[in-house]
Amino acid sequence: MRILKFSGLALAASGAAASPTVGQAADLTVSVEIPKLNVAEYHRPYVALWIEKPDQTAVRTLAVWYDTKLKANEGATWLKDMRTWWRRAGRSLNLPADGVSGPTKAPGRHVVSFSGGQLAGLAPGDYALSVEAAREVGGREVLRVPFSWPPRGAKTATATGSTELGAVSVTVKP
Amino acid sequence: MSSALRIAAVAALLSLAAAPAAQAHRAWLLPGSTVLSGAEPWVTVDGAISNTLFYADHQPMRLDGLKAIGPDGTEVPLQNASTGKYRSTFDVKLAQPGTYKIVTATDMTMASYKIGGETKRWRGAAADVATAIPKDATDVQVSRNVRRIETFVTSGAPSTGALKPTGKGLELEPITHPNDLVASEKGRFRLLLDGKPAAGVEVEVVLGGVRYRAKGPELKIMTGGDGVFEVAWPEAGMYWIEAGVRGAPNGSAPAQNAAYIATVEVLPD
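Description of the structure in this document. In this text, all values refer to a predicted model and were calculated from it rather than measured experimentally. (Residues numbered from 1 in each chain as written. Chains lettered and ligands numbered in written order. Predicted model: local features only at pLDDT ≥ 70, side-chain atom pairs only at ≥ 80, totals over all residues. Heavy atoms only, no water.)

**Quick notes on the overall build of chain A**
Across its full length, chain A carries two helices and nine strands. A buried classification covers 43% of the 174 residues belonging to chain A. Taking the contacts inside chain A whose residues are at least 6 apart along the sequence as the reference set, 63% of them involve residues at least 24 apart. When the accessible surface of chain A is split by element, carbon and sulfur atoms take 54% of a total near 9200 Å². (Helix = DSSP H or I, 4+ residues; strand = E, 2+ residues; numbered from the N terminus. Buried < 20%, exposed > 50% of the residue type's maximum accessible area, 1.4 Å probe, protein only. Contact = heavy atoms within 4.5 Å. Areas by Shrake-Rupley, 256 points an atom, 1.4 Å probe, with all protein chains shown as cover.)

Laid out in C-alpha cells, this is it:
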C-alpha cells in the first residue's frame, strides 16, 4: 500500500511515465475519433477525458486538450464550455498540468494510453471513461464508456457520438 | 364618466402608485455568463426594470448603491458602468477565483398622511420620517420597504465567502450553490427574513425568454417551516426568483415590507 501511494505521488509530481510498480502494469487505452465537419468556420474542439464512478462523481482527469499555445494561458477561458467536465472536475483543477494538458487535436482518430501512476490508487470497481468535446461556434457532446478496474482480461467497450465525437473505444489490459 | 366613477378610478390609481413594486414590472440583473474559467475573466451585467423579463423595455436599473462583492467578502469596483434609456450595464473583472455576488439593496421608508384635507406622500430614509411628517397630520401610514436584487457569477470553483447573509430584509441562503445549478438536479435554498428562516412565504420562479413562448414556465413554491424551498427546474435557462413579505403596522411602528429578487442560471447537463 505504501509503495503504491509513494509511486503515485512521485508520478504526480514528475508528471512523466515511470517504470511500472508491482500491480500497476495494467493499462487503459482510449481511442477518440474527432469527426471531420463540413462547416463554414471550424475550430478544433476542446476535449476532456476523465474517469468517473457510476454515480458520475469524477475520480480523475486523464487528459484535457485545449488551446495551450495562447499567451497568458488565454485558452483556459473556454475550458468551462466542456460543461459536464468543468462542473464535475475541471473547475477544481489547476491547468495547465503536466501529463494532463495537451494541445487540441485535428479531426481523425487519436489513441492515448494511461498506465502506472496515472491510474495509481484507482480503487477496484466499476467506472466509466467520460469524453466531452466542446467546439467554438459549434456544439458539445459527452460520451461515457464503462470499464472495470483492475482488468481481469483484455476488454474493449465502445460508444459512438452523433455530433462532436465519432467512435470512442476504451480498452483495459491487465 | 360619473363623478362617483371618477373618484373610484382616482382611488384605484393612487393605490397602484402606493404599491411598492407593481406586479407587471420586474426588476432584474442579467449577467452575460455565470460560470467562467481562465485567469481573470470578465463578466458583463445588465440591469433594468421591464415588463417582459430580461428584455430592457421600460426603465434602466439605477446603479447608485449597486455593488459587486468578491470571494473574500470585499467590494470589487464596477467597470464601464453606463445607464441608458432602458437598461444599465457594467462589467466586473473577476480577478480572484471564486464566487461574486452582485447586489443592489434599498431601504426606503414611505409615508402617507392627511393635512388640511389633502393627502400627502413622502419617501426617504427611515431616520428622517419623524421630522418629515407634520405634527398635526392625520391618517398617518408609514411603511419601511427593504428590497434586494442579486445575481451571482463564479470564476473557477464556487465559493461561499460572498454569500453571507446580512441579516437585513429578505435574503437567500444557498443550500445548493447558485452557480452550481443544472437542469437535472433540484436547487434548494433557504429564505431568510432579518436573518431568520422565513416560513410560509411564496416564492415565484420564472424562466426567461418569455417573448418566444405563449406562457411560463412560472413556478410558485411555498417555503417550509425552516424557510427552505426546492426548485425542480423545468429546463435549463436563466431564471428569475422573487419573494416578498408585507407586514402590518404595529402601533406606532411602521409596516415592514421586504422583497427579494435573484437571477440564477441553470445549465444543461
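**A few points about the sheet that holds strand β2 (residues 46-52) of chain A**
Residues and elements named next belong to chain A. Strand order in the open sheet formed by five strands is β4-β3-β2-β6-β7, with mixed pairing between adjacent strands. Edge positions in the open sheet fall to β4 (101-102) and β7 (140-149), since each of these has one partner strand only. In the sheet, strand β3 (residues 58-65) pairs with β4 via two bridges, with the strands oriented parallel. Paired with W65 across the bridge in β4 is G102. (Pairing = 2+ DSSP bridges.)

**Side note on unusual backbone geometry**
Outside of glycine, negative phi angles account for most residues, and trans bonds account for most peptide bonds. Residues and elements named next belong to chain A. Residue P96 is bonded to the preceding L95 through a cis peptide linkage, with omega at 0 degrees. Of note, V137 is a non-glycine position whose phi angle comes to about 55 degrees, a positive value. Position of V137 among the secondary structure elements: in the loop between β6 (125-134) and β7.

**Section: the pattern of salt bridges**
All chains considered together, the criterion is met by 21 salt bridges over all chains. Measuring nitrogen to oxygen at the nearest pair gives 3.3 Å for the salt bridge that ties A:K71 to A:E74. Since its relative accessible area comes to 62%, A:K71 is described here as exposed. In this structure, B:E173 and B:R190 form a salt bridge, with 3.1 Å as the shortest nitrogen-oxygen distance. On the criterion of sequence distance, the pair formed by B:E173 in strand β12 (residues 170-174) and B:R190 in strand β13 (residues 187-193) is long-range, its members being 17 residues apart. A single network of salt bridges, built from pairs that share partners, joins A:R87, A:R91, B:D180 and B:E185. (Salt bridge = Lys/Arg side-chain N within 4 Å of Asp/Glu carboxyl O.)

**Observations concerning the sheet that holds strand β8 (residues 155-160) of chain A**
Residues and elements named next belong to chain A. Strand order in this open sheet of four strands is β5-β1-β9-β8, and the pairing throughout is antiparallel. At either end of the open sheet lies a strand with only one pairing partner, and these are β5 (108-115) and β8. Between one strand axis and the next, the sheet turns by 15 degrees as a mean value, whatever way the strands run. Sheet topology note: the strand β1 (residues 27-34)/β5 ladder contains eight bridges and is antiparallel. If you follow T29 over to β5, its bridge partner there is S113. (Axes fitted to C-alpha atoms, helices over the stretch in contact; angles between N-to-C directions.)

**A few points about the packing of aromatic side chains**
Tallying each qualifying case throughout the model produces nine aromatic pairs over all chains. Ring centres 6.4 Å apart and planes at 70 degrees place the aromatic pair B:F189 and B:W233 in the edge-to-face group. Of the two residues, B:F189 sits in strand β13 while B:W233 sits in the loop between β17 (228-231) and β18 (237-246), which places them 44 residues apart along the sequence. Judged by relative accessible area, which is 0%, B:F189 ranks as buried. Between B:W233 and B:Y239, the aromatic rings sit 4.9 Å apart at their centres with planes inclined by 55 degrees, giving tilted as the arrangement. B:Y239 gets classed as buried once you look at its relative accessible area, which sits at 1%. An aromatic cluster is defined as three or more aromatic residues linked by ring pairs; in this entry it consists of B:F189, B:F229, B:W233 and B:Y239. Seen from the ring of A:W65, A:K105 lies directly overhead, with NZ or CZ sitting 4.8 Å from the centre. (Phe/Tyr/Trp six-rings, centres within 6.5 Å; stacked < 30°, edge-to-face > 60°. Lys NZ or Arg CZ within 6 Å of the ring centre and 35° of its normal.)

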